[in-house]
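# Summary of structural features
Spelled out, the chains give:
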Amino acid sequence: GYQRRVHGGQSGLFFTNRPKEEIKQFFKTYGQADYARMGDIAPTTFVIPKGPLDNTKFPSTMEPYLRRLGMDTRLEKGVVTLGQDCIACTEGQPITADGSRLLKHWDQKLVVFKVILNGFWDKQTSTARKIKTEGTDT
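From a predicted model like this one, the values you see are computed outputs, not experimental measurements.

Calculation criteria
- One numbering rule holds for all chains: residues counted from 1, following each sequence as written.
- Confidence filtering applies because this is a predicted model: local features only for residues at pLDDT of at least 70, side-chain atom pairs given and counted only at 80 or more, and all residues used for totals across whole chains, interfaces and linings.
- Side-chain metrics in this entry use all non-hydrogen atoms of the structure; hydrogen atoms and water are not considered.
- To define a nonpolar core, start from buried Ala, Val, Leu, Ile, Met, Phe, Trp, Tyr and Cys residues and group those joined through side-chain atoms within 4.5 Å.
- Residue exposure (1.4 Å probe, protein chains only): buried if accessible area is under 20% of the type maximum, exposed if over 50%, otherwise partly exposed.
- Strands here are runs of E lasting at least two residues and helices are runs of H or I lasting at least four, both read from the DSSP assignment and numbered beginning at the N terminus.
- Residue contacts are counted whenever heavy atoms from the two residues lie within 4.5 Å of one another.
- What qualifies as a polar contact is a pair of N or O atoms within 3.5 Å, subject to a donor-acceptor requirement within protein and to the restriction that residues adjacent in sequence count only when both atoms come from side chains.
- Between Lys or Arg on one side and Asp or Glu on the other, a salt bridge is scored when a side-chain nitrogen of the former is within 4 Å of a carboxyl oxygen of the latter.
- In this description, the arc belongs to the directions extending from the helix axis to the C-beta atoms.

Among the nonpolar cores identified, the biggest contains 21 residues, and Ile48, Leu66, Met71, Leu102, Leu103 and Trp106 are the most heavily contacted of them. For this core, the elements supplying multiple residues, two or more each, are strand 3 (46–48), strand 6 (79–82), strand 7 (86–89) and helix 3 (97–105). No other element matches strand 7, which puts three residues into this core. Residues within four places of Met71 in sequence aside, it is in contact with Ile48, Leu66, Leu82, Cys86, Leu102 and Trp106.

See the structure below:
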């Protein structure tokens, strides 16, 4: 499951000679998986199981860092090991700063980056026109 994140105040310009309806359809279906950030609502629960971690991805030097992120870690024969399951995020709850870092380390992309069109330039009338959230022009 993916969550839709809408940021206020962030915008950009897209220039094209393509027909307006083609562009509206493209952005309606376009989405790119992305890492969740602090404050995003978790669409699912992600649990990191107890036991040894992959030594190539989590070398022994990362053990103190992972502990600071709230994980019950220790070194066993040079391998970072979790003493208990670690819940990085819980479905329906806001993701914490530490949880977002853990999700990124475990390559869990839980949100989708979307572009929301809110207007276009009408070349024939030389005016800017708004697009309603339903996708129809005003």
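This part covers the side chain of Asp40. Topologically, Asp40 is positioned in the loop between strand 2 (32–34) and strand 3. Its relative accessible area of 7% is what places Asp40 among the buried residues. Looking at Asp40, its side chain comes within polar contact range of the main-chain nitrogen of Arg37, at 2.8 Å.

Bringing the pattern of salt bridges into the picture now. Inspection of every chain in the model, using the stated rule, returns six salt bridges. The salt bridge partner of Glu21 is Lys24, with a shortest N-O separation of 3.6 Å. Note that Glu21 and Lys24 are positioned in helix 1 (residues 20–29) at a spacing of three residues, about one turn of the helix. Linking Arg67 and Glu63 is a salt bridge whose minimum nitrogen-to-oxygen distance equals 2.4 Å. One end of the pair, Arg67, and the other, Glu63, are both in helix 2 (residues 63–68), four residues apart, so they sit about a helical turn from each other. Residue Glu63 is classed as buried on the basis of its relative accessible area of 6%.

Looking now at helix 3. Every buried residue of helix 3 is listed here: Gly99, Ser100, Leu102 and Leu103. The buried residues of helix 3 occupy an angular sector of 160° when projected down its axis, which confines them to one face. Phi turns positive, to about 50°, at Asp107, one or two residues after helix 3.

What follows concerns unusual backbone geometry. Negative phi is the rule for most residues except glycine; trans is the rule for most peptide bonds. The backbone of Lys77 sits at a positive phi, close to 55°, despite the residue not being glycine. The residue Lys77 is located in the loop between strand 5 (73–76) and strand 6 in this model. Classification of Lys77 as exposed rests on a relative accessible area of 88%. One non-glycine residue, Asp107, lies in positive phi territory at about 50°. Structurally, the position occupied by Asp107 is in the loop between helix 3 and strand 8 (111–113). Owing to a relative accessible area of 46%, Asp107 belongs among the partly exposed residues under this scheme.

Let us now look at the side chain of Ser100. As for its placement among the helices and strands, Ser100 is situated in helix 3. Reaching out from Ser100, the side chain makes a polar contact with the backbone oxygen of Ala97 at a distance of 2.8 Å. The contacts of Ser100, once residues within four sequence positions are left out, are Ala36, Arg37, Met38 and Ile95.

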